[in-house]
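Each chain is listed here by its residues.
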Amino acid sequence: MTKSRVLATELFPGGVNSPVRAYLAVGGEPPVLVRGEGACVWDDRGRRYIDYVGAFGPLVLGHANRAVVEAIKNAADAGGSFGVTGPGEVRLAELITERMPSIERLRFVNSGTEAAMSALRVARAATGRDLVIKFEGGYHGHADSLLVEAGSGAATLSIPGSAGVAAPVAAQTLVAAYNDLASVEAQLERHRGKVAAVIVEPVAANMGVIVPAPDFLPGLRELTSREGALLIFDEVITGFRVAPGGAQELYGVRPDLTVLGKIIGGGLPVGAYGGRADLMDMVAPVGPVYQAGTLSGHPVVMAAGEATLRGLTPDVYERLEAAGERLAAGLDLEGAGVARVGSLLTLFFREPAPRDFGEAKASNTAAFARFFHRMLDHGVILPPSQFEAWFISAAHDRAVIDATIEAAAA
Ligand code: KE4
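About the cut-offs
Residues numbered from 1 in each chain as written. Predicted model: local features only at pLDDT ≥ 70, side-chain atom pairs only at ≥ 80, totals over all residues. Heavy atoms only, no water. Helix = DSSP H or I, 4+ residues; strand = E, 2+ residues; numbered from the N terminus. Rg over C-alpha atoms; globule rule 2.2 N^0.38 Å. Buried < 20%, exposed > 50% of the residue type's maximum accessible area, 1.4 Å probe, protein only. Contact = heavy atoms within 4.5 Å. Core = buried A, V, L, I, M, F, W, Y, C linked by side-chain atoms within 4.5 Å. Pairing = 2+ DSSP bridges. Right-handed = clockwise from strand over helix to strand, strands pointing away. Near = heavy atom within 4 Å. Polar contact = N/O pair within 3.5 Å; in protein donor to acceptor, adjacent residues only side chain to side chain. Areas by Shrake-Rupley, 256 points an atom, 1.4 Å probe, with all protein chains shown as cover. Nonpolar A, V, L, I, M, F, W, Y, C, P; charged D, E, K, R; others polar. Expected span 1.5 Å × (residues − 1). Domains from an automatic or database assignment. Buried area = accessible area lost by both parts, 1.4 Å probe. Salt bridge = Lys/Arg side-chain N within 4 Å of Asp/Glu carboxyl O.

**Q** Any chance you could explain the overall build of the protein here in plain terms?
**A** If you tally the helices and strands in the protein, you get 15 helices and 14 strands. For the protein, the C-alpha radius of gyration of 20 Å lies close to 22 Å, the compact-globule estimate for 410 residues. When its C-alpha atoms are laid out on the principal axes, the protein stretches across 55 × 50 × 45 Å. Relative to its full complement of 410 residues, the protein shows a buried share of 57%. Considering only intrachain contacts with a sequence separation of at least 6, the fraction spanning at least 24 residues in the protein is 70%.

Here it is as structure tokens:
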């Protein structure tokens, strides 16, 4: 174990500041990465890797994108956070609301977790109902009420829910099956008049990528409208990645509230929640829902987010789609199946690619772990779990994609 790892293990639980980084699902010692540029990262021994982690989604333009770095430098040079609304927040919010018209009003926070928990609070206040429905394998951050059979880190660590979540809190969260409208209808019927909201990753990405069945998202819209529950799209990963207006544009379904993160901060800590103006006017200081944050809307974060969204031009989306298509077609491995939406994909060690969490869980995770290390040895670094998505950036050009395909076939 390297010296820095020994020190890290003494300083942080498991030596990490987020569980998935400990490589428990794939074994071995994580590299110590010290530099990133474009589609690549370098470790402390100078080894180069083609990177499909991309900070788990935010770096859709690649590492150290010049426009993003310049924007961060200029905002930092102008001084820090002033404790009043600044022009950077307004500019980024304008870009977000232009591209996602379902968001009439929004509030910036500092993580996807904060955004999701705040959106649930608004939903409960707006409906006067206590229960929420999430999906098995869905991950919306680590707020108590959402760590109930969560996906992502929890699924990777095989912990259904989490220790420390009070039973009465967990009891307020119902679980349905992704791509199974009947399971949602059953929960709504069983708890008629008591469900405040259904929260869903419109493209599931925390059980690996699971593509929504054609009737799933429209069905959720119809069921929640009929039952007087709100529909919340968690677009922390899909937002501005799978289409200029996110999954809600791609699939043509308008949620009541949207949760955002990752890309809108250009790699810096960020989250946002927003939607119908009547709902967002429930939030303090206008309405009775309290939510606050010392560094919410920080000028440097807003500048990074604005530069990133401005860098997401039609041409870049075409490149992201072409790169995703080429990579998916090239990952032709025995016993493996690829699920993809745009520049978001997962290579599952099961065939065909799973349609829900149950099928995803049945993937051959040992085969994934072997593949992960083989790719690492060939200079490609993947998210260290079968239950994570690979993130392609605008910097992943044809040469990088073809080198990845070659490494996978080696
Ligand atoms: P954060 O609180 O980590 O900023 O966002 C939570 C979150 C909310 N919603 C979705 C759909 C998410 O994917 C996430 C966080 N994603 C994981 C990756 N699957 C972050 C990586 C990690 O936990 O270290």
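Having seen the structure, we can now continue with the description.
**Q** Just checking my understanding: could you explain the nonpolar core for this structure?
**A** Across soluble globular proteins, you tend to see nonpolar side chains buried next to one another. One finds Phe-135, Tyr-178, Val-200, Phe-216, Leu-220 and Leu-344 to be the most contacted residues of the largest nonpolar core, which totals 42 residues. At 4 residues, helix α8 (residues 216–227) tops the list of elements feeding residues into this core. For Phe-216, the residues in contact, after removing those within four places along its chain, are Phe-135, Ala-177, Tyr-178, Asn-179, Asp-180, Leu-181 and Val-200. Among the nonpolar cores identified, the runner-up in size contains 34 residues, and Val-26, Trp-42, Trp-390 and Val-400 belong to it.

**Q** Looking at this structure, I do not really get the pairing of strand β8 (residues 230–234). What am I missing?
**A** Each regular strand carries side chains that alternate between the two faces of the sheet. Of all 5 residues that make up β8, 5 are buried, and the element is covered over most of its length. Taking every second residue as pointing to the same face, both faces of β8 are buried, with Leu-230, Ile-232 and Asp-234 on one and Leu-231 and Phe-233 on the other. As paired strands, strand β7 (residues 195–200) and β8 are joined by 4 bridges and run parallel to one another. Bridging from a neighbouring strand, Val-198 pairs with Leu-231 of β8. In terms of handedness, the path from β7 via α8 over to β8 forms a crossover that is right-handed. For the segment spanning β8, helix α9 (residues 246–251) and strand β9 (residues 257–261), crossover handedness is right-handed.

**Q** Would you mind going over the site of the ligand with me for this structure?
**A** Taken together, 17 residues form the shell around the ligand, and within it Ser-18, Thr-113, Asn-206, Asp-234 and Glu-388 come nearest. Within the side chain of Ser-18, an N or O atom sits 2.6 Å from an oxygen atom of the ligand. Burial of the ligand by the protein chains amounts to 87% of its free accessible area of 550 Å². The residue inventory of the shell around the ligand, partitioned by class, reads 5 nonpolar, 8 polar and 4 charged.

**Q** How should helix α14 (residues 365–377) be read in this particular structure?
**A** The end-to-end C-alpha distance of α14 is 18 Å, a good match for the 18 Å that 13 residues give at a rise of 1.5 Å each. Tucked into the core, α14 has its buried residues touching β3 (48–51), β12 (344–348), β13 (380–381), β14 (390–391) and α15 (398–409). Measuring from the side-chain oxygen of the N-cap residue of α14 to the backbone nitrogen of Ala-366 gives 3.2 Å; that N-cap residue is Asn-364. Downstream of α14 by one or two residues, Gly-379 has phi in the positive range, about 80 degrees.

**Q** Looking at this structure, I do not really get the sheet that holds strand β11 (residues 337–341). What am I missing?
**A** Hydrogen bonds along the backbone pair up the strands of a sheet, which may run parallel or antiparallel. Here 3 strands make up an open sheet; going across it, the order is β11-β12-β14 and the pairing antiparallel. Here the strands that pair on one side only, and so sit at the sheet edges, are β11 and β14. Here β11 runs beside β12; their pairing, made up of 5 bridges, is antiparallel. Paired with Val-341 across the strands is Leu-344, a residue of β12.

**Q** So what exactly am I meant to see when it comes to the domain arrangement of the protein here?
**A** Think of interface size as the accessible area that goes away when the parts come together; that is how it is often given. Under the domain assignment, the protein is made up of domain 1 (26–65 + 313–409) and domain 2 (66–311). A C-alpha centroid distance of 24 Å is found between domain 1 and domain 2. Taken together, the contacts link 32 residues of domain 1 with 37 residues of domain 2. A combined buried area of about 2,700 Å² lies between domain 1 and domain 2, and 62% of that area is made up of carbon and sulfur atoms. Linking Glu-136 and Lys-361 is a salt bridge whose minimum nitrogen-to-oxygen distance equals 3.5 Å.

**Q** What's the story with the pattern of salt bridges in this structure? I'm lost.
**A** A side chain with one charge can pair with a side chain of the opposite charge if their charged atoms come near. Under the criterion given, the structure shown has 19 salt bridges. The shortest N-O distance in the salt bridge between Arg-45 and Asp-43 comes to 3.7 Å. Residues Glu-104 and Arg-254 are paired through a salt bridge, measuring 3.9 Å at the closest nitrogen-oxygen approach. Within this pair, whereas Glu-104 is found in the loop between α3 (87–99) and β4 (105–109), its partner Arg-254 is found in the loop between α9 and β9, the two being separated by 150 residues in sequence. Here Arg-254 falls in the partly exposed class, since its relative accessible area comes to 47%. Shared partners join several salt bridges into a network, and the residues in it are Glu-185, Arg-192, Arg-226 and Glu-227.

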